[in-house]
Amino acid sequence: MVENQLRARGIKDERVLGAMARVERHLFVDADLKDKAYDDCALPTCEGQTISQPYMVALMTELLELRGDETVLEVGTGSGYQSAVLSLLAAEVYTVERLQGLASRAERRLTDLHYQNIHVIVSDGTLGLEQHAPYDGIIVTAGAPEIPCDYAVQLKMGGRLVIPVGSRHSQVLYQARKTTSGMDKLMSTGCVFVPLIGKDGWA
Ligand code: SAH
């Protein structure tokens, strides 16, 4: 997976490649999908949600530009796989999920696997997570109609936001950096995520 899907497609950050090699993806998918866990695709999880394609997880993580001492907010815990990857690359990971069932399952799994710097919170992530702000990075793993306004407020100066923005069915992945003059946006690639549902997202 790391060599053929990630390095071959241009993922260069060795720390990201190392984390992708270490986190055991088959422990984050349903039992009947274990033999597909390292395939080059997204996979269905509970309640109609998905665990993202390995390449997309690596790309989004690389765009956060983590060095190891950061506080990161993830919006959309889902299976907890992306949170596990982030936890190896940052100091603290706060991950927000709107569905209680998914959050509980992910939290149990991450605890069983001894990840100690991941904090799972049930709430509407379109509002960010004010109580632990400011963040060095915010990663949104669901597709937004536009960039929710609280994210820029809750980022540190120089902090990175990685977010898919577009229609309900297809989006463009953006990296936005907070600067003194606003958010500097860079377009990355086309992508397809489940919708970001909430007050500042889809209805
Ligand atoms: N990062 C996940 C993939 C998440 S799929 C993984 O590695 O498995 C997107 C997730 O975003 C879904 O679980 C969905 O319920 C959640 N979601 C959608 N809107 C949300 C919101 N406003 N706040 C928090 N989570 C949200």
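Because the structure is predicted, anything quoted here is derived from the model rather than measured.

About the thresholds
Position numbers for residues count from 1 along each chain, tracking the sequence in the order it is written. For this predicted model, a pLDDT threshold of at least 70 governs which residues receive local features, and a threshold of 80 or more governs which side-chain atom pairs are given and counted, while totals over whole chains, interfaces and linings are taken from all residues. Side-chain measures were taken over the full set of non-hydrogen atoms in the model, leaving aside hydrogen atoms and water. A pair of strands is labelled paired if DSSP reports no fewer than 2 bridges between them. Think of it this way: any DSSP run of H or I at least four residues long counts as a helix, any run of E at least two long counts as a strand, and we number them from the N terminus. Whenever a carboxyl oxygen of Asp or Glu lies within 4 Å of a side-chain nitrogen of Lys or Arg, that contact is scored as a salt bridge. Summary of the burial criterion: residues with accessible area below 20% of their type's maximum are buried, those above 50% are exposed, and those between are partly exposed, where the area comes from a 1.4 Å probe applied to protein chains only. Here a residue-residue contact requires only that any non-hydrogen atoms of the pair lie within 4.5 Å.

Draft legend 1. Inspection of the pairing of strand β7 (residues 155-166) at higher detail. Bridging between strand β6 (residues 135-140) and β7 involves four bridges; their strand directions are parallel. Across the sheet, residue Y135 finds its bridge partner in β7, namely L155. Inspection of the sheet shows β7 paired to strand β8 (residues 171-179) by seven bridges, in the antiparallel sense. Looking across to β8, one finds that P164 is bridged to L173.

Draft legend 2. The arrangement of unusual backbone geometry in detail. Following A133, the chain continues into P134 via a peptide bond in cis, with omega recorded as 5 degrees. By the secondary structure assignment, P134 is in the loop between β5 (118-122) and β6. Positive phi is not limited to glycine here, since E47 has a value of about 55 degrees.

Draft legend 3. Region of the structure containing the pattern of salt bridges. Per the counting criterion, the structure on display carries six salt bridges. Between E14 and R7 there is a salt bridge whose closest N-O contact spans 2.8 Å. On the accessibility criterion, R7 (35% relative accessible area) is partly exposed. With a closest N to O distance of 3.1 Å, D136 and K156 form a salt bridge. One end of the pair, D136, is in strand β6; the other, K156, is in strand β7, and 20 residues separate them in sequence. K156 sits in the partly exposed class, given a relative accessible area of 33%. By sharing partners, the salt bridges in this structure join E3, R7 and E14 into a single network.

Draft legend 4. The environment of D150, seen in detail. Position of D150 among the secondary structure elements: in helix α6 (residues 150-154). Sequence spacing of D150 and V194 is 44 residues, and the spatial spacing of their C-alpha atoms is 21 Å. Setting aside residues no more than four positions away along its own chain, D150 makes contact with T126 and L127.

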